[in-house]
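Here is how the chains run, residue by residue.
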Amino acid sequence: MNILVCVKRVPDSSENEIVINPAGNDIERDDLVYSINEWDNYAVEEALQIAERTGGAVTVATVGGEEDEEILRREMAMGARHGVLLSDERFEGSDGRGVAAILKSLVERNQFDLILTGVQADDGAGQVGGMLAAMLDYPFASLVNSIEVIGGGSKLKVGREIEGGAREFSEIGLPCVLSIQTGINEPRYVGMRGIRQVANVPIPTYGAGDLGLNGEVGASAAKVRRVDYFVPPAGKGAEMLEGGREENIDRVIALVKASGGVK
Amino acid sequence: MTAPIFAYIVHKDGVADDTALEFLTAAKKIDAARNPVAIVAGSGGGTDAVCESLRKSYQEIWKITSEALTYPNAEVIRKALADVLPAGSIVLVPHAHFGVDLSPGLSVKLGAAYVPDVVDIEGVHSTVLRAVRQEFGGQVSTHVECDITAGAVINVRPGVFTAGAAAGATGTVVEKVPGCDLTVRRRYIETVVPEAGDVDITKYPVLVSIGRGIQEQDNIAIAEELAEAMGAAVSCSRPVVDAKWLPKSRQVGSSGNTVKPKVYMAFGISGSFQHLAGIKGNPLIIAINKNPRAPIFRVADVGIVDDILEFIPEMTAKVRTMTAVAGKASA
């Protein structure tokens, strides 16, 4: 089975405090640690496991710039055979639908049996996979946390994570698009050695011309636009304890007792 | 502003989801002059019961019925909606597992804009709708502007709008039968509920809950020691389960358990909305996190910026000392 996994390089929000810049039009990006979007990494691992069982190759693709090559190489070090960078000035300012349109052109120029994305990335939108499926008229399932190849490789049995820890199982025909939830597998470790081994594998770059794209991408085509960033309202806001650790611990224990928590 | 506004009603066992009433409030923020139309898709008596209950709060309810809609398969419902919705519609959908499945593709099929996970709506000027979203797991907010010339699908985060008051009117139920073929290439098989775990975290008055900040599997033990000293249970957020350090039965959140403790101690938990959705009953929330901007501090009652890997063992030692003293005093 030939599988495309759409990936994104994002600021690792578990490693960074996200701070808004003084102009309020972006976050402070200078000192950020970037990594592959966590959901996408699970998607690549899942693709590799399926390809190991069924044969075929895994391709990773990202829409971005030169700096995004590092995550393609990282995923190639995991085992993805091909990396593709989709990059063009004309892609800048694309909304979710624009990104989906770029990926659609890539899919139409190749033979993929299965397309995976992460459930969501840094903007929490979770939109590209579902849009891509609709554009291609492929079936779609989101929040997928198990995949089984059935019917002699013609379809999949997928589990979706729904409320309360329950799982919804469906049969889905190929080709299809699935958005992958974290925890579906245990992504393999990637060492420096692995990354060095793929350092010289060429990564082709495709632009708008290569993909036959015109007005459907970029800022002018976007229906949805981020205007600014701002600090979320505090809500009721916690009372912050500013004392030393020992004092804070005493306070916490007293509060827990007062709430009828411990004896 | 003349676009019709529809509220997609998620329902189960004949009962509408809480978002049904929240969407009355959300719709008024888009256009105060327009009454939103509820859409209920399904088949059978449960669907009828939902429509009947909505007549108290919606002036118009579209009941979309077909055998094919018996189970809410987003692939089927997307086709049905694309068939019955008028051009330029604004559609509100709950941003939960069904809405995430349905809406991105629906927006494409309708040629409409899509705004996911909206936490507030500031209104419409001419053809531009302005809404508030969050990024980076709730660490920052953004204003987004959306061109609604060709309509919009807006996924609204459950719980962010207060339930709208009943209109006092008796709504009309209008039956809509999709004219298109509802065959899809995704077939629902079954729903599997999780097995009970070793510890039932929903039964404990105090939860020692750990998140990504616990860093590695070996550190789970320090949380267990604190919980034991306090007579509490260890619960967790999603990353701990993803890493297979604790079983799914310990997870608090929309995709895990809903808990109602008296005290919820969040150690190294950032506080995503999916996690917070699993904490009910207004417990005392005490959050300890090394990131002063962690969203959990916006909802906690008490917050401490500290390293949990040092804080937890010291707290355990203190609780043990106090328990020992109390034991002697009562002896």
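As the structure is a computational prediction, the values presented were derived from the model and not from experiment.

1. Considering the overall build of chain A
Regarding its fold elements, chain A presents six helices and 13 strands. Once the C-alpha set of chain A is aligned to its principal axes, its extents read approximately 65 × 45 × 40 Å. Looking at chain A as a whole, 54% of its 263 residues are labelled buried. Nonlocal contacts in chain A, meaning residues at least 24 apart in sequence, comprise 69% of its contacts between residues at least 6 apart. Counting only carbon and sulfur atoms, one obtains 45% of the accessible surface of chain A, whose full area is about 11300 Å². Side chains of chain A give 26 positive and 41 negative charges; the mean places of these two sets differ by 5 Å.

2. A closer look at the packing of aromatic side chains
Residue and element names in this part refer to chain B. Summed over all chains, the structure comprises four aromatic pairs over all chains. Taken together, a centroid distance of 3.5 Å and an interplanar angle of 5° make the contact between Tyr 71 and Tyr 188 stacked. In this pair, Tyr 71 is assigned in the loop between strand 5 (60-65) and helix 3 (74-84) and Tyr 188 in strand 13 (residues 186-192), connecting sequence segments 117 residues apart. Taking 6.3 Å as the distance between ring centres and 50° as the angle between the ring planes, the aromatic pair formed by Phe 267 and Phe 311 counts as tilted. With Phe 267 in strand 16 (residues 263-267) and Phe 311 in helix 9 (residues 308-330), this pair connects stretches of sequence that are 44 residues apart. Each member of the pair, Phe 267 together with Phe 311, is buried. Geometry around Trp 62 places Lys 176 over its ring, the cationic atom sitting 4.0 Å from the centre.

3. Digging into the confidence of the model for chain B
Parts of the prediction with low pLDDT should not have their coordinates interpreted in detail. Per-residue confidence for chain B averages 95 on the pLDDT scale, and 98% of its residues sit at or above 70. The ipTM assigned to the predicted complex is 0.96, against a pTM of 0.95.

4. Quick notes on the pattern of salt bridges
For the coordinates displayed, the defined rule picks out 40 salt bridges over all chains. The partner of Lys 8 of chain A in a salt bridge is Asp 122 of chain A, with the nearest N and O atoms 2.8 Å apart. Taken together, the residues span a long stretch of sequence, with Lys 8 of chain A in the loop between strand 1 (3-6) and strand 2 (9-11) and Asp 122 of chain A in the loop between strand 6 (114-118) and helix 4 (128-136) at a distance of 114 residues. Residues Glu 17 of chain A and Arg 293 of chain B are paired through a salt bridge, measuring 2.7 Å at the closest nitrogen-oxygen approach.

5. Re the interface of chain A and chain B
At the junction of the two partners, chain A supplies 82 residues and chain B supplies 84 residues. Here chain A and chain B share an interface that buries about 7400 Å² over both sides, 54% of which is from carbon and sulfur atoms. Counting every contact that joins chain A to chain B gives 15 salt bridges. Residues Arg 187 of chain B and Glu 171 of chain A are paired through a salt bridge, measuring 3.0 Å at the closest nitrogen-oxygen approach. Across the chain A-chain B interface, the total number found is 51 residue pairs in polar contact (both at pLDDT 80 or more). Residue assignment for the side of chain A that touches chain B shows that the elements contributing at least two residues are helix 1 (38-54), helix 4, strand 7 (140-150), strand 8 (155-161), strand 9 (167-173), strand 12 (224-230), strand 13 (239-240) and helix 6 (245-258) of chain A.

6. Brief notes about the nonpolar core
The biggest cluster of nonpolar side chains holds 50 residues, and the ones touching the most others in it are Leu 86 and Ile 115 of chain A together with Leu 81 of chain B. Dropping the residues within four chain positions of it, Leu 81 of chain B is found in contact with Tyr 8, Ile 39, Ile 64, Leu 102 and Leu 106 of chain B.

7. Digging into the sheet that holds strand 9 of chain A
With mixed pairing, the 10 strands of this open sheet are ordered in space as 11(A)-5(A)-4(A)-1(A)-6(A)-10(A)-7(A)-8(A)-9(A)-13(B). Both outer strands of the open sheet, strand 11 (205-206) of chain A together with strand 13 of chain B, are each paired with one neighbouring strand and no more. By the bridge criterion, five bridges tie strand 4 (residues 58-63) of chain A to strand 5 (residues 82-86) of chain A in an arrangement that is parallel. When the sheet's bridge partners are listed, Ala 61 of chain A is paired in strand 5 of chain A with Val 84 of chain A. Contacting strand 1, strand 4, strand 6, strand 7 and strand 10 (176-180) of chain A, helix 1 of chain A runs over the sheet at an angle of about 155° to strand 6 of chain A. Lying on the sheet, helix 4 (residues 97-110) of chain B is in contact with strand 7 and strand 8 of chain A together with strand 13 of chain B; it crosses strand 7 of chain A at an angle near 90°.

Quick notes on the rules
- Residues numbered from 1 in each chain as written.
- Chains lettered and ligands numbered in written order.
- Predicted model: local features only at pLDDT ≥ 70, side-chain atom pairs only at ≥ 80, totals over all residues.
- Heavy atoms only, no water.
- Helix = DSSP H or I, 4+ residues; strand = E, 2+ residues; numbered from the N terminus.
- Buried < 20%, exposed > 50% of the residue type's maximum accessible area, 1.4 Å probe, protein only.
- Contact = heavy atoms within 4.5 Å.
- Areas by Shrake-Rupley, 256 points an atom, 1.4 Å probe, with all protein chains shown as cover.
- Lys, Arg positive; Asp, Glu negative; His and termini not counted.
- Charge placed at Lys NZ, Arg CZ, Asp CG, Glu CD.
- Phe/Tyr/Trp six-rings, centres within 6.5 Å; stacked < 30°, edge-to-face > 60°.
- Lys NZ or Arg CZ within 6 Å of the ring centre and 35° of its normal.
- pLDDT = per-residue confidence, 0-100.
- Salt bridge = Lys/Arg side-chain N within 4 Å of Asp/Glu carboxyl O.
- Buried area = accessible area lost by both parts, 1.4 Å probe.
- Polar contact = N/O pair within 3.5 Å; in protein donor to acceptor, adjacent residues only side chain to side chain.
- Core = buried A, V, L, I, M, F, W, Y, C linked by side-chain atoms within 4.5 Å.
- Pairing = 2+ DSSP bridges.
- Axes fitted to C-alpha atoms, helices over the stretch in contact; angles between N-to-C directions.

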